[in-house]
Amino acid sequence: MLPDIITTIAELRERLEAAQRAGRTIGFVPTMGALHAGHASLIRAARTENDLVAVSIFVNPTQFGPNEDLAHYPRPIEADQQLCGAVGTDIIFAPSVEEMYPARFCTWISVEGLMEGLCAESRPGHFRGVATVVLKLFNIMQADVAYFGQKDYQQARIIVQMARDLNVPTNVRVLPTVRESDGLAMSSRNQYLDPVQRRHATVLYRTLEEAKRLAAAGERDVKRLEEALAAPIRATPGTRLDYARIVDLDMLRPIERLENPALAALAVCFGTTRLIDNAQLIPSQNGRS
Ligand code: AMP
């Protein structure tokens, strides 16, 4: 069955309050639409763990920079509604920009320490927009559990921290990255890639796997590991490396040696399409220096 698309906060609240009064738990999956199997895995988890599943589809303008793809971001609402229905969504919340940001909107969320480095460097203001819209959606939904993907690791860390710091009563769950059969992390932006770029895009996954292998084999020098991450990308035609970094899992700060599990994170541009991916590096127990 196709889920209803609700566009106003008032109507959504009416539906959700009725469910909550009846003692039903709510699982919430925030998205920007152009849904794929990565989103579907979050929705399926919400379906398994809750009585009612709500998916938001909102291309949030405040998280896009002036030269980014806001105007071109794909908005295939009918296909999204189909996918949502196929994986058990009850309600789609698809508000207008005016509904989410009425005139004289003045309040912004800043999660200090986590909104620096990695994607924050090349996308100034991006995470402020993300955290603000997610807190608004949390307040609108009042869900029991909300689901995020590990593919956007920095985003997920920011949301978990914000929810903890501001006593948000929704539990935040972060689920593994879903990949294409050749390893490319699923992303709504993959559809911007031409066939040659699409073939080359597997370099992100391949170089992360190689870094994992090196770490497991005993390499602990982060400079060497970062170089090993970056080299295959620099060698791939038509790419521009935004960053290839290894940081601590908690506060995403640079580290010098891999003493504990850490995050290897990449951002790579293929023409105007910017892709990100990450993996956890686990040091070997008896590593060499
Ligand atoms: P987006 O629509 O890109 O804003 O993503 C909405 C949610 O889906 C975010 O929590 C993302 O981290 C998550 N997501 C996006 N791609 C994937 C993927 N390949 N695997 C798992 N989760 C994903």
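What counts as what
- Residues numbered from 1 in each chain as written.
- Predicted model: local features only at pLDDT ≥ 70, side-chain atom pairs only at ≥ 80, totals over all residues.
- Heavy atoms only, no water.
- Helix = DSSP H or I, 4+ residues; strand = E, 2+ residues; numbered from the N terminus.
- Expected span 1.5 Å × (residues − 1).
- Buried < 20%, exposed > 50% of the residue type's maximum accessible area, 1.4 Å probe, protein only.
- Arc of directions from axis to C-beta.
- Contact = heavy atoms within 4.5 Å.
- Pairing = 2+ DSSP bridges.
- Axes fitted to C-alpha atoms, helices over the stretch in contact; angles between N-to-C directions.
- 1 Å grid on protein atoms, 1.4 Å probe; cavity = no way out; pocket = protein on both sides within 12 Å on 5 of 7 lines; lining within 4 Å.
- Points joined across faces, edges and corners; volume = space filled by probe spheres on them.
- Nonpolar A, V, L, I, M, F, W, Y, C, P; charged D, E, K, R; others polar.
- Phe/Tyr/Trp six-rings, centres within 6.5 Å; stacked < 30°, edge-to-face > 60°.
- Lys NZ or Arg CZ within 6 Å of the ring centre and 35° of its normal.
- Polar contact = N/O pair within 3.5 Å; in protein donor to acceptor, adjacent residues only side chain to side chain.
- Right-handed = clockwise from strand over helix to strand, strands pointing away.

*Asks:* Describe helix α1 (residues 9-21), and please don't skip the residues or the numbers.
*Replies:* With 13 residues, α1 extends 18 Å from end C-alpha to end C-alpha; this agrees with the ideal 18 Å at 1.5 Å per step. Regarding α1, the residues found buried are Leu12, Arg13, Leu16 and Ala19. All buried residues of α1 lie within an arc of 130° about the axis, which places them on one face of the element. Facing away from the buried side of α1, by more than 90 degrees, are the exposed residues Ala10, Glu14 and Arg21. Contacts made by the buried residues of α1 are with β1 (4-6), β2 (26-31), β3 (52-57), β4 (91-93) and α6 (126-141).

*Asks:* Tell me what's going on with helix α7 (residues 153-165), and back it up with residues and numbers.
*Replies:* For α7, spanning 13 residues, the distance from its first C-alpha to its last is 18 Å, which sits close to the expected 18 Å at 1.5 Å a residue. Of the residues making up α7, those classed as buried are Tyr153, Gln154, Gln155, Ala156, Arg157, Ile158, Ile159, Gln161, Met162 and Ala163. Where α7 is buried, its residues contact α5 (119-122), α6, β5 (145-149), β6 (171-175), β8 (262-270) and β9 (273-281). Of the residues trailing α7, asparagine 167 is marked for its positive phi of about 55°.

*Asks:* Describe the sheet that holds strand β7 (residues 239-248), and please don't skip the residues or the numbers.
*Replies:* Reading across from one edge, β7-β8-β9 is the order of the three strands in this open sheet, with antiparallel pairing throughout. Because the sheet does not close on itself, it has two edges, and the strands there are β7 and β9. Between one strand and the next, the sheet's axes are offset by a mean angle of 15°, whatever the strand orientation. Of the pairings in the sheet, the one linking β8 to β9 comprises nine bridges and is antiparallel in character. Within β9, the position partnered with leucine 263 by the bridge is glutamine 280.

*Asks:* So what's going on with empty space enclosed by the protein? Residues and values would help.
*Replies:* In this structure the tally under the stated criterion is one cavity of 30 Å³ or more. The space that makes up the largest cavity amounts to roughly 50 Å³. What lines the largest cavity is simply Lys151, Leu184, Ala185, Ser187, Asn190, Leu204, Leu275, Ile276 and Asp277. When residues in the lining of the largest cavity are grouped by element, the largest group, three residues, is from β9. Grouping the constituent residues of the lining of the largest cavity by class yields five nonpolar, two polar and two charged.

*Asks:* Would you mind going over the packing of aromatic side chains in detail, with residue names and values included?
*Replies:* For the coordinates displayed, the defined rule picks out seven aromatic pairs. A centroid spacing of 5.9 Å and a plane angle of 80° characterise the contact between phenylalanine 64 and tyrosine 73, whose relative ring orientation is edge-to-face. The class of tyrosine 73 is buried, set by a relative accessible area of 6%. A centroid spacing of 5.2 Å and a plane angle of 75° characterise the contact between phenylalanine 105 and tryptophan 108, whose relative ring orientation is edge-to-face. By relative accessible area, tryptophan 108 is classed as partly exposed at 30%. Each residue in the set Phe58, Tyr101, Phe105 and Trp108 is aromatic and connected to the rest through ring pairs, giving one cluster. A cation over a ring is seen here: arginine 128 above tryptophan 108, with NZ or CZ 4.1 Å from the ring centre. If you follow lysine 136 out to its NZ or CZ, it ends over the ring of tyrosine 101, 5.8 Å from the centre.

*Asks:* Run through the side chain of arginine 274, naming residues and quoting values.
*Replies:* Relative to the helices and strands, arginine 274 resides in strand β9. Within the structure, the side chain of arginine 274 is placed 3.3 Å from the side chain of serine 122, a separation counted as a polar contact. Polar side-chain contacts of arginine 274 include one of 2.9 Å to the side chain of aspartate 242. Setting aside anything within four residues of it in sequence, one finds arginine 274 in contact with Cys119, Ser122, Arg123, Arg189, Asp242, Tyr243, Ala267, Val268 and Cys269.

*Asks:* Break down the pairing of β3 for me, with residues and values.
*Replies:* Among the six residues that make up β3, six are buried, leaving the element largely enclosed by the rest of the structure. Once you follow β2 into helix α2 (residues 37-49) and on to β3, the crossover reads as right-handed. Sheet topology places β3 next to β4; three bridges connect them, and they run parallel. If you follow valine 55 over to β4, its bridge partner there is isoleucine 92.

Function-wise, these values are silent; they only describe arrangement.
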